[in-house]
Amino acid sequence: MLLRLNIADNRPLHEQVAGAVRRAIAEGECGPGDRLPSARELSQALGVNANTVLRGLRALRDEGLLEFRRGRGVTVAGGADGRSALLERVRELVADGARLGYGRADLIEMIKEAQ
Amino acid sequence: MWGTAAWAAGILALLVLLPPAARKGFGEQLATHWNASGEPNGSQPLWAVVLVPAAIWIVLVAVAVFWRAARRWRGAVLVSCGVLLAGVQVSIVRANLSHTDWHDADPVTVGAVVTVVAAVAAGLVGVLMSGRRASSAARGQGPRMDIPAGERRVWLASTGNRWLYLLAAVIGVGASAAPLIGFGGPAAPMWLLTVPLLFASVSVLACSSVSVRVTERGMDVAFGPLGWPVRRWDAADIEWARAENRTPAQVGGWGYRLSGLGTTVMLRSGACLVVRAKGKDFAVSVDDAERGAALLNSLAGARTEQH
């Protein structure tokens, strides 16, 4: 699988790692049920501490994109590809909103009003 | 190709036609073997002197032409073996000339020494020629990918072969069972069997799975479930990378293979990522090899442009 990292990104490293994996799932680099490279391997490939990688992966598990299974490592959750793409857009939305001066609460209101 | 055919036919003609052409000088049997002091001590009839080297030559040519894994050595082997067989044949015919009894045949020491030296020299020339051709022909090959500014890309892939896992497990069980069943009797030290078996088990296990990383530093290939040992290639050393379909039959089996195609880590037949660095080829059977090769080429290209 191909991982893309934004060098200019000034978010914390674990969020960048999560972003790269989220994008890979959204773009079909790895499909539901596929096994992710181990945290150690990802850390060596990305040049990031293994604990940082794990923190990023845990965040993705909490979003419902990954499943941690004993003995099988980390796998991509069912339906994660669509959800991942959507989550990526939500993140962009939040970022755009922040740039234009709209907070999360404003965005939630907008989403509620949107039909 | 035509050069090979002409060489093969020329040597064959010499092997077959030379002894009958000089037939008048021979008796029934020809001396074909000599002892260390130069006296003949073995003989064969004329037909065997014609057919045996011709048969060896035909088999050799067939193997060299049809065995794809050996293609890199084809030229060297054919040239040096052709010189060797021709030299032997000429020496035998010369030693038997004008001797009706094979026991009186002349010694062949000088002919044998000249033949061996010529064969080795011809083989070396063949190796040098084939090596040079291989390294210049393939320059600048392989796919590329555009990496947008401000983006860093890494490529990860892995493969495993469950039959090799199983084999490693079976050998491992054998290693631990050997002392239990007391193989070799109580007098023989157990480690004589256990240690080599354990070593074999670990070796097979290390070759049963592989994970490949392509980063800005270059390529890392980690073997085995523990990710150790690791072979590394610096991005600056890589001449080119590309994807290529290979089968176990081509490279001589599964696992870590050395053949005429270079080193191949063969875990399943199909797409392999092939890399040339420092004039040597390395291939590993992983999925999505095309993009791995593209990233590697782009990273290596970016490096050389900067310098």
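It should be emphasised that the depicted structure is a prediction, and the values quoted were computed from it without experimental measurement. (Residues numbered from 1 in each chain as written. Chains lettered and ligands numbered in written order. Predicted model: local features only at pLDDT ≥ 70, side-chain atom pairs only at ≥ 80, totals over all residues. Heavy atoms only, no water.)

Chemist: Provide a residue-level description of the interface of chain A and chain B, including the pertinent values.
Modeler: For interface size, the figure often reported is the accessible area lost on association. If you look at the interface, chain A gives 17 residues, while chain B gives 18 residues. Taken together, the two surfaces of chain A and chain B that pack against each other cover about 1600 Å², and 47% of this comes from carbon and sulfur. Inspection of the region where chain A meets chain B yields three salt bridges. In this structure, A:Arg23 engages B:Glu151 in a salt bridge whose closest nitrogen and oxygen atoms are separated by 3.8 Å. Taken together, the links from chain A to chain B amount to eight residue pairs in polar contact (both at pLDDT 80 or more). (Contact = heavy atoms within 4.5 Å. Buried area = accessible area lost by both parts, 1.4 Å probe. Salt bridge = Lys/Arg side-chain N within 4 Å of Asp/Glu carboxyl O. Polar contact = N/O pair within 3.5 Å; in protein donor to acceptor, adjacent residues only side chain to side chain.)

Chemist: Account for a nonpolar patch on the surface, with residues named and values stated.
Modeler: All names here are of chain B. Together, Leu-84, Val-88, Val-116, Val-120 and Leu-124 make up a nonpolar patch on the protein surface, roughly 410 Å² of accessible area in all. The set of elements that each furnish at least two residues to the nonpolar patch consists of helix H3 (74–96) and helix H4 (109–137). Per-element tally for the nonpolar patch: the top contributor is H4, with three residues. Here Val-120 is to be found in helix H4. (Patch = residues over 30% accessible without salt bridge, like charges linked within 9 Å, V, L, I, M, F, W, Y side chains within 5 Å. Areas by Shrake-Rupley, 256 points an atom, 1.4 Å probe, with all protein chains shown as cover. Helix = DSSP H or I, 4+ residues; strand = E, 2+ residues; numbered from the N terminus.)

Chemist: How would you sum up the sheet that holds strand E7 (residues 238–246) of chain B? Please name residues and give values.
Modeler: Residue and element names in this part refer to chain B. Across the sheet, five strands lie side by side as E7-E10-E11-E9-E8; this open sheet has mixed pairing. In this open sheet, the two strands that pair with only one neighbour each are E7 and strand E8 (255–259). Each strand axis lies, on average, 20° off the axis of its neighbour in the sheet, ignoring direction. With eight bridges connecting them, E7 and strand E10 (residues 270–277) associate as antiparallel partners. Considered in E10, the bridge of Ile-238 is made with Ala-277. (Pairing = 2+ DSSP bridges. Axes fitted to C-alpha atoms, helices over the stretch in contact; angles between N-to-C directions.)

Chemist: I'd like a description of the sheet that holds strand E5 (residues 218–223) of chain B, backed by residues and values.
Modeler: With respect to topology, five strands assemble into an open sheet ordered E1(A)-E3(B)-E4(B)-E5(B)-E6(B), the strand pairing being antiparallel. Since the sheet does not close on itself, it has two edges, and those belong to strand E1 (2–6) of chain A together with strand E6 (230–234) of chain B, each with one partner. Strand after strand, the sheet turns through a mean of 15° between neighbouring axes, direction not considered. Relative to E5(B), strand E4 (residues 209–215) of chain B runs antiparallel, the two sharing six bridges. Paired with B:Val214 across the strands is B:Met219, a residue of E5(B). This element, helix H1 (residues 13–26) of chain A, spans E1 of chain A together with strand E3 (151–160) of chain B of the sheet and lies at about 135° to E1(A). Sitting on the sheet, helix H2 (residues 39–46) of chain A is in contact with E1 of chain A together with E3 and E4 of chain B, with an inclination near 145° to E3(B).

Chemist: Tell me about the environment of B:Val16, and please be specific about residues and values.
Modeler: Residues and elements named next belong to chain B. Looking at the secondary structure, you find Val-16 in helix H1 (residues 2–21). Along the backbone, Val-16 and Val-50 are 34 residues apart, and their C-alpha atoms lie at a distance of 5.2 Å. Not counting residues up to four positions away in its chain, the partners in contact with Val-16 are Val-50 and Ala-54.

Chemist: Just give me the short version of the pairing of E10(B), but keep the residues and values in it.
Modeler: Residues and elements named next belong to chain B. Counting buried positions over the eight residues of E10 gives seven, a clear majority of the element. Relative to strand E11 (residues 280–284), E10 runs antiparallel, the two being bridged by five bridges. Within the sheet, the bridge partner assigned to Ala-277 lies in E11 and is Lys-280. Between the end of E10 and the start of E11, which pair antiparallel, lie two residues, with Lys-278 showing a positive phi angle near 55°. (Buried < 20%, exposed > 50% of the residue type's maximum accessible area, 1.4 Å probe, protein only.)

Chemist: Outline the packing of H1(A) against helix H3 (residues 50–62) of chain A, listing residues and values.
Modeler: Residue and element names in this part refer to chain A. Contact geometry of H1 with H3 gives a least axis separation of 8 Å together with a crossing angle of 55°. Judged by the inter-axis angle, H1 sits oblique to H3. In the crossing of H1 with H3, the sense of the turn from one axis to the other is right-handed. From H1, Leu-13, His-14, Val-17, Ala-18, Val-21 and Arg-22 reach across to H3, where they touch Thr-52, Val-53, Arg-55, Gly-56, Leu-57 and Leu-60. (Parallel < 35°, antiparallel > 145°, perpendicular 65-115°, else oblique. Left-handed = near helix turned anticlockwise from the far one by under 90°.)

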